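So you can see what is in the structure, the chains are spelled out below.
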Amino acid sequence: MRLITKATLLYLIITSLVFSIAGVVTYKTVMQSVARETDYSLRNNKDILKVAIQEGKPLFALQNEKTQIVKVTTIQAKDTLNAFSDTLAIHPYFKRLEPHRKLTITERINGEYYRFTMIDVFFETDDVSSGVTSVMTRLFFGLGLSLLVCSFLISSWLFQPFQKSLQKIKAFNLKNNEAITFSKTTTKEFNQLNGFITQMTDKARLDYISLKEFSENAAHEMQTPIAVAKGKLELLLESPNLQEAQLPLIQSAQIALSKLSRMGQSLSLLTKIENNEFTAKETTDFSKLVDQAVFTFKDIAELKNLTLESNVEANIILPINAAIADILVSNLLKNAIRYNVPDGWIKVKLDKKQLIVKNPGHPPKIPTNQLFERFRKSNQSGQSLGLGLAIVKKICEVNHLKVDYVFKEGIHCLIVKFPV
Amino acid sequence: MKLLIIEDEKALADNIRSYLSTNEVICEVAENYQEAVAKLNVYSYDVILLDIMLPDGNGLDVLHLLKAEQSEAGILIISAKNSLDDRVQGLELGADDYLTKPFHLSELNARLKAIYRRRKFQGFTEIKFNEISVDTNNHEVNIEGRQLELTVKEYELLLFFISNKSRVLTKQTIAEHLWGDNVDFLDSFDFVYQHIKNLRKKITAAGGNDYIKTIYGLGYKFHNN
């Protein structure tokens, strides 16, 4: 819900509450004044009657359905006070029960006591309440409507800088290395917000750049020391008087160094893909590329006693950088060779919709979709880096391809779906 | 062969010099751009090993300089950057080969020798090792006149052995020479054995000696008994 809608709704709810209370209060106040007026007029009438009795007018001539005067003989002190009360009586015109005001008092006139009982119809309560309600409702709707109109008009003007900021944040991309700039607004809060956003994005940008530089440099810089260490080990292999027991130690060290070097290269590749350094301004003949990769890896697969079959539809052209597409396909094939069973097989199928690489293998020990995460591997102690599928995933993400990993009935199946 | 190593990392330059220096190869080292230019102005070299990233200049500038002087030296670029652009740029500027750090010294040795052969003899060269002779132009191997039917990989393997004769070659080094980056993901390089076995068989069947010595658990050595 939009902020202004929320605020308006809240206003309307509060207003309706206030108006209801105001309605009740108004009703009570009006009713009190009416009662006061009625009481005054009853007292006044009684005084007129009192004068009439003093002048000797007969009682029956003074009485009617609203006025009763009775002679009493015994009285109490409190009877001489004005006693007002509410009562119901037949309305003279409408012939139905209506709320009336009643005055009871005993007065001493010419040495005798007369008890006056007088009633007068109230100002119509129905009329009062409906009047109050109608006024309040009109006010409420009038206010509500103007509030709605104003809030929408004002909000589009008031929130304009906010909307602009939102659009800028939406368009912001860390990888573009462009700072966000906001024009100054007259609203203090928006200026504060824009200030914070500028600060935060600047910080994020700087962090991102330094991280990027670090990972690039780290990957490059570590290759030279690794080359030095590897060379020293090779020289050691050449040295005379080397004992046979020492040879495997040297080899293990060499293999570990190779792994370290590959890790650096893979991480730097991931960074490069993330940085969009392989933008697809070109198209690649995927069919040719898959054929070539199959040809390259057939040899290696056969050395491991695996059969590699392919079914490649010709002329599948995709908008993807050739180098990166080659890495994608190679990684899928490497994966299928590495995680195969003895004397197993690999099937590669390419058509307009997708590329499928299938091979038998042990069930993965973790959910297949987690195998796309960096350094996640089914066998944590294995020699693999755990970066191959992360690279596959990243390449697919950047090139708008969808990649799925399915394990079913002993078959690993990696599917790269092409955009339609 | 006279070799100039232009490499700022002293330890790496030392490795290369120790490994390559033999009776046939004379190595000199230049640690920076200035030193390299000074040396190139005075001496002539057969092959130049060039690190692209130098502290006082880009290695590619050395390449420009050599081309401007129409030097006949072969050039092998080494770089820590495994980037396609650098490779293409280097080769376009006239480098003969490109090697990414970290490399096996035996691989470097084989490549330097190949460049040297191509430069010095314009490719028309026959490498002889006792009774085995390799025609690198036609990719043919003969043993006392009998031609060997070798697969591409077996041929490359033999050439690699001869280039690195009497040196220990681990299975990993051999695998990476033959298949490049495509085998780096494998845990074991024992499959190299099959190619070795086939090569051995073919050489001995043609009447050649078995020079391939197995170093148990580690690799092989091509050695004149």
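Below is a short write-up of the structure.

Rules used throughout
- Residues numbered from 1 in each chain as written.
- Chains lettered and ligands numbered in written order.
- Predicted model: local features only at pLDDT ≥ 70, side-chain atom pairs only at ≥ 80, totals over all residues.
- Helix = DSSP H or I, 4+ residues; strand = E, 2+ residues; numbered from the N terminus.
- Buried ≥ 20, exposed ≤ 12 C-beta atoms within 10 Å, placed from the backbone.
- Contact = placed C-beta atoms within 7 Å.
- Pairing = 2+ DSSP bridges.
- Axes fitted to C-alpha atoms, helices over the stretch in contact; angles between N-to-C directions.
- Nonpolar A, V, L, I, M, F, W, Y, C, P; charged D, E, K, R; others polar.
- Expected span 1.5 Å × (residues − 1).

### Overview of the overall build of chain B
Within chain B, the regular secondary structure consists of eight helices and 14 strands. Expressed as a percentage of its 225 residues, the buried residues of chain B come to 40%. Taking contacts inside chain B between residues at least 6 apart in sequence as the whole, the part at least 24 apart equals 57%.

### A word on the sheet that holds strand E9 (residues 132-135) of chain B
All names here are of chain B. Taking strand neighbours across the sheet as the criterion, the four strands line up as E8-E9-E10-E11 in an open arrangement whose pairing is antiparallel. The sheet is open, and its two edges are formed by strand E8 (126-129) and strand E11 (146-148), each paired on a single side. The mean angle between the axes of side-by-side strands here comes to 25°, regardless of whether they run parallel or antiparallel. Alignment of E8 against E9, held across four bridges, turns out to be antiparallel. Among the inter-strand pairings, Lys 128 is bridged to a residue of E9, identified as Ser 133.

### Describing the interface of chain A and chain B
Every contact between the two is made by 33 residues of chain A and, on the other side, 33 residues of chain B. Mapped onto the side of chain A that touches chain B, the elements with two or more residues apiece are helix H6 (223-238), helix H7 (247-274), helix H8 (286-303) and helix H9 (322-338) of chain A. Residue classes in the side of chain A that touches chain B are distributed as 13 nonpolar, eleven polar and nine charged.

### Digging into helix H6 (residues 152-163) of chain B
Counting along an α-helix, one turn takes 3.6 residues, and residues three or four places apart therefore face a common direction. Helix length check: H6(B), at twelve residues, gives a terminal C-alpha distance of 16 Å against a target of 16 Å (1.5 Å per residue), a fit within 8%. Of all the residues in H6(B), the buried ones are B:Glu154, B:Leu157, B:Leu158, B:Leu159, B:Phe160, B:Phe161 and B:Ser163.

### Some points on the sheet that holds strand E2 (residues 26-30) of chain B
Residues and elements named next belong to chain B. Taken in spatial order, the five strands make up an open sheet running E2-E1-E3-E6-E7, and their pairing is parallel. Unpaired on one side and paired on the other, E2 and strand E7 (97-100) mark the two borders of the sheet. Taking each pair of neighbouring strands and ignoring which way they run, the sheet shows an average axis angle of 20°. The pairing of strand E3 (residues 47-51) with strand E6 (residues 74-79) spans five bridges and is parallel. Bridged to Leu 49 within E6 is Leu 76. Taken strand by strand, helix H5 (residues 105-121) contacts strand E1 (2-6), E3, E6 and E7, and its axis lies near 155° from that of E6.

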